[in-house]
Each structure stands twice: as structure tokens, then as C-alpha cells.
Amino acid sequence: MLNRRQLRIKLLHVLYGFYQGEDRDPVVASKALEHSVHKMQELYVLLLLLIGSMQSMAIDRIESGRKKQLPTKEDLNPNTKFVTNRPLRILANSKNLQKASTELGVGWGDNQELLRKVFRGLLDHEEYIEYMASEERGFRHDREYLIRMFRKHMIQNEPFEDSLEEQSIFWNDDLDLCASMVIKTLKTIREEDDDFALLPLWRGDDDDRQFMETLFANALGQAEENEALITEAAANWDLERIALIDRILMKMALAEARSFPSIPLKVTLNEYIELSKYYSTPKSSGFINGILDQLFNA
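Residues numbered from 1 in each chain as written. Predicted model: local features only at pLDDT ≥ 70, side-chain atom pairs only at ≥ 80, totals over all residues. Heavy atoms only, no water.

Relative to each other, helix H13 (residues 244-259) and helix H14 (residues 265-279) sit at 160 degrees, their axes nearing to 10 Å. The angle between H13 and H14 falls in the class roughly antiparallel. The two elements H13 and H14 meet at a crossing, and its hand is right-handed. Together, Ile-245, Leu-249, Met-252, Ala-253, Glu-256 and Ala-257 of H13 and Leu-265, Thr-268, Tyr-272, Leu-275, Ser-276 and Tyr-279 of H14 make up the contact between the two elements. The residue inventory of the contact of H13 with H14, partitioned by class, reads nine nonpolar, two polar and one charged. (Axes fitted to C-alpha atoms, helices over the stretch in contact; angles between N-to-C directions. Helix = DSSP H or I, 4+ residues; strand = E, 2+ residues; numbered from the N terminus. Parallel < 35°, antiparallel > 145°, perpendicular 65-115°, else oblique. Left-handed = near helix turned anticlockwise from the far one by under 90°. Contact = heavy atoms within 4.5 Å. Nonpolar A, V, L, I, M, F, W, Y, C, P; charged D, E, K, R; others polar.)

Structure below.
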């Protein structure tokens with residue numbers, strides 16, 4: 001599920017695009033925000049499909065081995081532990097997952113070569129080798145190793161990461177949270193299950209969506225006022241020389257502090273300092289900390 005840090009990141013990206021553009025249309029920016037959220041749901045489904053596709057790759061490999069003119073002993077008596085991995089089979093045959101794939105219009109149909117690269121890399125990965133060599137059996141054992149293979153290889157595969165970057169500008173930032181959602185989903189699958197339920201993107205209440213919409217509206221609505229406050233607090237700085245991303249982060253922080261009095265100021269301050277460490281310059285966090293601390297305590 002979306003968390004508030006991820007929502008802040010999405011807002012930061014959209015606002016950065018908004019202020020860099022010439023039109024600066026709030027309606028267009030709002031649609032971009034919704035699109036960003038939608039793309040995250042797509043990535044979650046694609047990651048589940050990625051895991052499920054590994055079973056068909058493994059089946060094809062076994063069948064190809066058996067059809068060789070001079071099959072080896074291993075070709076004729078393959079290790080089927082991965083193919084029969086119970087959670088993997090549930091993923092591969094999930095009607096709920098296929099329904100979500102169809103509704104969202106996403107899948108790996110045009111990227112079979114990428115899936116083959118991921119699978120070939122998996123065959124040489126220590127987690128896969130260890131799993132296949134182990135004599136231990138059981139649902140929990142299967143699920144544990146499937147999660148390890150996903151976390152340590154499938155989403156840390158260079159061709160896969162390159163593909164994500166090409167498909168959507170949002171997905172590199174979304175990958176960690178979507179991967180955690182996939183792992184959480186795998187942990188919900190039980191041995192007696194024939195299918196599983198996908199996690200919703202939003203919690204049951206509307207608090208997080210309301211947080212996103214309110215922060216977006218107020219970050220834009222209070223932009224001039226908050227920029228004036230920042231200019232006054234940064235009296236020794238030329239505002240034009242302050243990085244755009246830093247100005248946006250500070251305006252977002254001020255809008256959040258005003259809009260959500262239930263969130264402690266220290267929490268808001270720390271959230272935006274952490275974002276600046278990742279998205280801005282090495283010196284930005286100290287600068288933003290100083291300005292916001294001054295304004296929050298005014």
C-alpha cells in the first residue's frame with residue numbers, strides 16, 4: 001500500500017515538472033499525479049507476473065532438455081523442485097492476477113527476451129542453486145526461497161532495472177515499495193489456497209488519498225506565500241540561486257505543517273530533510289533544516 005513518504009515523493013516529482021514547465025497548469029499536474037499513482041499499481045502487478053513467469057521458463061527449459069538429440073542424465077531426470085514450488089504455481093495460475101493484468105492492460109508479452117535473461121541469471125544465482133540442492137521440502141520452505149530469489153535476484157537484475165527505466169520515469173522510485181508489497185502478498189498465500197488476493201493500493205479509509213490531494217492543492221495554493229516566507233528566512237541567499245528542488249521541498253513542508261496540525265512538526269521536518277538527502281545536493285539537507293527550523297519555530 002502507498003505510504004505517506006511515497007506520496008510525498010510523487011508530489012515532489014509532479015511539482016518539479018510543474019515548475020519547470022511553461023504552462024504551469026494545475027489540472028495537468030493533478031492528472032500527472034493520478035497517473036503516477038496508477039503506474040505504481042501497474043508495477044505491483046508486473047512484479048507478480050514476473051515471478052509467475054519464471055515457472056513457464058523453467059518448464060520450457062525442462063522440455064527443451066528432454067528433446068535434445070543426446071540428452072544427458074540430468075535432462076532425462078530433471079530436478080523439478082522449482083517448477084513444483086507451490087507458491088510459484090499459485091502465482092503462475094492466479095485468475096485474480098490475470099484479471100488485474102487484463103484490467104490494467106499490462107503484461108510481459110512483448111518482453112519475453114527480458115524474462116529469459118532474468119531466468120538465465122536466476123539459474124546461476126546462489127539462492128536458486130541452494131534451493132535446488134536442498135532436500136528440504138514444504139510450503140514454508142518453498143515460499144521463503146521464492147521470496148529470497150525475488151528480492152536478491154529478480155529485481156536486482158540489470159536488464160530488468162534498465163527495462164523499468166525505459167518504461168516509466170516513476171518506476172525506479174516505486175520499485176522498493178512495490179517489491180515490499182509483492183513480498184507481503186507472497187506471505188499471505190497459504191498452502192491450501194488456489195488463488196490469492198492482491199493488495200489494494202490504498203488503505204480502507206481515505207486518509208492517505210486525502211493527505212495527497214490536500215497537500216497537492218495547498219502546496220500550489222500557498223506557493224507564493226510560502227516562497228515569501230522562505231525568501232525572508234534566507235535573507236542572505238539569492239532565491240534564484242537556491243536549487244528548485246530545495247525550494248519545492250521547503251514549500252511542501254510549509255504546506256504540510258499548515259494543513260496537517262496532527263502531524264508533529266519534527267516529523268514533517270525530518271521527512272523533508274530525508275527527501276533532500278536523496279533528491280538534492282549534499283549540502284541541501286543542512287540548508288533546508290536551518291530554514292525550516294527557523295520558520296517552524298517562528
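Now that the structure has been shown, the text picks up again.
In this section: a negative patch on the surface. Side chains of Glu-158, Glu-161, Asp-162, Glu-165 and Glu-166 sit close together on the surface and give a patch of like negative charge. The topology assignment puts Asp-162 in helix H9 (residues 158-167). Residue class for Asp-162 comes out partly exposed when judged on its relative accessible area of 37%. (Patch = residues over 30% accessible without salt bridge, like charges linked within 9 Å, V, L, I, M, F, W, Y side chains within 5 Å. Areas by Shrake-Rupley, 256 points an atom, 1.4 Å probe, with all protein chains shown as cover. Salt bridge = Lys/Arg side-chain N within 4 Å of Asp/Glu carboxyl O. Lys, Arg positive; Asp, Glu negative; His and termini not counted. Charge placed at Lys NZ, Arg CZ, Asp CG, Glu CD. Buried < 20%, exposed > 50% of the residue type's maximum accessible area, 1.4 Å probe, protein only.)

With 102 residues, the main nonpolar core has Met-54 and Phe-82 as its most contacted residues. Top contributing element to this core by residue count: helix H2 (residues 26-66), with 17 residues. Excluding residues that lie within four positions of it along the chain, Phe-82 makes contacts with Met-54, Gln-55, Ala-58, Leu-88, Phe-119, Leu-122, Tyr-128, Tyr-131, Met-132, Leu-146 and Met-149. (Core = buried A, V, L, I, M, F, W, Y, C linked by side-chain atoms within 4.5 Å.)

Now for the pattern of salt bridges. Tallying each qualifying case throughout the model produces 23 salt bridges. In this structure, the salt-bridge partner of Lys-39 is Glu-42, at a minimum N-O distance of 2.8 Å. Here Lys-39 and its partner Glu-42 are both found in helix H2, three residues apart, which amounts to about one turn of the helix. An identical accessibility class is assigned to Lys-39 and Glu-42; each is buried.

A separate point is the packing of H2 against helix H11 (residues 207-221). What describes two packed helices is the angle between their axes and the distance between those same axes. At a minimum axis distance of 12 Å, the contact between H2 and H11 shows a crossing angle of 150 degrees. Put simply, H2 runs roughly antiparallel to H11. Our pair here, H2 against H11, has a crossing hand that is right-handed. Along the contact surface, H2 presents Pro-26, Ala-29, Ser-30, Leu-33, Glu-34 and Val-37, while H11 presents Arg-209, Met-212, Glu-213, Phe-216 and Leu-220. Split into classes, the residues belonging to the contact of H2 with H11 amount to seven nonpolar, one polar and three charged.

The next subject is helix H10 (residues 171-188). Helix length check: H10 (18 residues) gives 24 Å between terminal C-alpha atoms against 26 Å at 1.5 Å per residue, within 8%. The largest bend in H10 amounts to roughly 30 degrees and is located at Leu-177. Regarding H10, the residues found buried are Trp-171, Asp-173, Asp-174, Leu-175, Leu-177, Cys-178, Ala-179, Met-181, Val-182, Ile-183, Thr-185 and Leu-186. Those residues of H10 that are buried lie in contact with helix H1 (4-20), H2, helix H4 (86-92), helix H8 (139-152), H9 and H14. (Expected span 1.5 Å × (residues − 1). Bend = angle between axes of the 7 residues up to and from the residue.)

End to end, H2 covers 60 Å across 41 residues, agreeing with the expected 60 Å (1.5 Å per residue, within 8%). At the N-terminal boundary of H2, the capping side chain belongs to Asp-25, with an oxygen 2.9 Å from the backbone nitrogen of Val-27. (Polar contact = N/O pair within 3.5 Å; in protein donor to acceptor, adjacent residues only side chain to side chain.)

Attention now goes to unusual backbone geometry. With glycine set apart, most residues show a phi of negative sign, and most peptide bonds adopt trans. Even without being a glycine, Arg-24 presents a positive backbone phi close to 50 degrees. You can see Arg-24 is positioned in the loop between H1 and H2. When its relative accessible area of 43% is taken as the criterion, Arg-24 is described as partly exposed.

This next bit is on the side chain of Asp-75. By the element assignment, Asp-75 lies in helix H3 (residues 73-76). Among the polar contacts made by the side chain of Asp-75, one reaches the main-chain amide nitrogen of Thr-72 at a distance of 3.0 Å. With residues up to four places along the chain from it excluded, the contact list for Asp-75 reads Gly-65, Arg-66 and Lys-68.

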